Amino acid sequence: MPDPVKLFGVLVTYQRPGPLSETLDRLRAQTRQLDRLLVIDNGSSQAARDAVELQGADGFDAIYVDAGDNLGPAGGFALGMQAILDQASDSDWIFLFDDDDPPFFDEAIEDAVRFGQEMVSMDPETGGVGISGGRFDVRRGRVVRIGDDQIYGPVPVDHITGGGLPAYRVRSVREVGVFLPELFFGFEELEFGLRLTRNGFKLYADGEKWAERKRVKREIRLLPSEEFSERRAAQSNLRVTEVSWRRFYSLRNLIYVLRRSGATGTALRVAVGRGLLKPLLNLPRSPRVAWENLGLNWRAVKDGWRGRMGRTLEPGTVAD
């Protein structure tokens, strides 16, 4: 009789010991606990170390790992996933967590494993599951929201969202590799999902749990995907706002991911349209903000195109 699958987890934290402790408490309270959790600390914090070691003293198999530097979510997850590959079997699962986003339900992990095993039985090429995800329109370079009318049963997706309790089969991670650490921040889940699907793996979201969470959080709008997309497009705001390090990484990484996916034409349209034309169109209305956006966007475009990746702009700051 084969051994039951083991559940591994990677949690990335950065200078948030309070939310980290709450998330660890929620993970320990799960009806199906992880067999081992690696907590990757990008902030080398004694408070984070203490929080993890306290859980270990109470019998929860949580291991503190000092990343030694701020690797960002992408680098932190890559570090943890790689470490797990050395001790896991192909049939095991790797769950990914943020330090401030614990599972929404106490049965979340138990339900996720059940759903994942069911999907593997139905589709042996299942590479990952979650309770929310998205689809990516490569032609437009945009994530397409899945309408509430489509959220039922197993929902095929291109990627599992970060807050959607992503769980990946070790076999799929071993075959395609871990998250790209050079992304640092932003689109790491999208890039990994696209890489999995390009290599023949399938990703599914549990529509039943997805809809249940949306009902509890009162998010359900009952809008079909097409209607939502049209309204979203009609209401899109072309005005620029104050420069942001997060938007810098989003633009840079999106261009990089598109180019890695072979969508060079889309990468060029994103670079020109969102990166350059948008701030230029706003110069008459908001010259200072538009000019600052143009400068930072130009840097993001160049970096994404040349592959100058990693932590090139400190979080919380903006470029000159």
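A brief look at the structure comes next.

## Considerations on the sheet that holds strand 3 (residues 62–66)
Pairing between sheet strands relies on hydrogen bonds along the backbone, with the strands arranged either parallel or antiparallel. Read from one edge to the other, the open sheet built from 8 strands follows the order 3-2-1-4-10-5-11-8, with strand pairing classed as mixed. A strand with exactly one partner marks an edge of an open sheet, and here the two such strands are strand 3 and strand 8 (154–157). When strand polarity is set aside, the average angle formed by the axes of neighbouring strands in this sheet is 25°. Each of strand 1 (7–13), strand 2 (36–41) and strand 4 (93–98) is contacted by helix 1 (residues 17–28), which is oriented at about 170° to strand 1, the strand it contacts most. Packing of helix 3 (residues 72–85) onto the sheet brings it into contact with strand 1, strand 2, strand 3 and strand 4, and relative to strand 1 it is tilted by some 150°.

## A few points about helix 9 (residues 245–260)
Compared with the 22 Å implied by 1.5 Å per residue over 16 residues, the 22 Å span of helix 9 between its first and last C-alpha is a close match. The set of residues buried in helix 9 consists of W245, F248, Y249, L251, R252, N253, L254, I255, Y256, V257 and L258. In this fold, the buried residues of helix 9 make contact with strand 6 (133–137), helix 6 (188–198), helix 10 (264–281) and helix 11 (287–306). Its side-chain oxygen 3.1 Å from the backbone nitrogen of R246, S244 forms the N-cap of helix 9. Positive backbone phi, approximately 85°, marks G262, located one or two places after helix 9.

## Notes on the packing of helix 10 against helix 11
Two elements in contact, helix 10 and helix 11, have axes whose closest approach is 7 Å; the angle formed by their N-to-C orientations is 165°. By the angle class used here, helix 10 and helix 11 are roughly antiparallel. Our pair here, helix 10 against helix 11, has a crossing hand that is left-handed. Contacts between helix 10 and helix 11 involve T264, A267, L268, A271, R274, G275, L276, P279 and L280 from the first element and A290, N293, L294, N297, W298, V301 and W305 from the second. Looking at side-chain class alone, the contact of helix 10 with helix 11 contains 11 nonpolar, 4 polar and 1 charged residues.

## Some words on the pairing of strand 4
Counting buried positions along strand 4 gives 5 out of 6 residues, so the element sits mostly inside the fold. Bridge count between strand 4 and strand 10 (residues 167–169): 3 bridges; the pairing is antiparallel. In the strand pairing of strand 10, I94 is matched with Y168.

## Considerations on the sheet that holds strand 7 (residues 142–144)
Read from one edge of the open sheet, 3 strands run 7-6-9, paired in antiparallel fashion. This sheet does not close on itself; its edge strands, each paired only once, are strand 7 and strand 9 (159–160). Inspection of the sheet shows strand 6 paired to strand 7 by 3 bridges, in the antiparallel sense. Each residue of the ladder has a partner; that of D137, found in strand 7, is R142.

## Points about the packing of aromatic side chains
One pass over the structure, following the stated rule, counts 10 aromatic pairs. Taking 5.2 Å as the distance between ring centres and 50° as the angle between the ring planes, the aromatic pair formed by F184 and Y249 counts as tilted. Taken together, the residues F184 in the loop between helix 5 (170–176) and helix 6 and Y249 in helix 9 connect sequence positions 65 residues apart. When sorted by exposure, F184 lands in the same class as Y249, which is buried. Between F185 and W245, the ring centres sit 4.9 Å apart and the planes meet at 55°, which makes this aromatic pair tilted. Taken as a pair, F185 in the loop between helix 5 and helix 6 and W245 in helix 9 lie far apart in primary sequence, 60 residues in all. Residue classification places W245 among the buried positions, given a relative accessible area of 14%. Linked through ring pairs, F184, F185, W245, F248 and Y249 together constitute an aromatic cluster.

The rules we used
Residues numbered from 1 in each chain as written. Predicted model: local features only at pLDDT ≥ 70, side-chain atom pairs only at ≥ 80, totals over all residues. Heavy atoms only, no water. Pairing = 2+ DSSP bridges. Helix = DSSP H or I, 4+ residues; strand = E, 2+ residues; numbered from the N terminus. Axes fitted to C-alpha atoms, helices over the stretch in contact; angles between N-to-C directions. Contact = heavy atoms within 4.5 Å. Expected span 1.5 Å × (residues − 1). Buried < 20%, exposed > 50% of the residue type's maximum accessible area, 1.4 Å probe, protein only. Polar contact = N/O pair within 3.5 Å; in protein donor to acceptor, adjacent residues only side chain to side chain. Parallel < 35°, antiparallel > 145°, perpendicular 65-115°, else oblique. Left-handed = near helix turned anticlockwise from the far one by under 90°. Nonpolar A, V, L, I, M, F, W, Y, C, P; charged D, E, K, R; others polar. Phe/Tyr/Trp six-rings, centres within 6.5 Å; stacked < 30°, edge-to-face > 60°.

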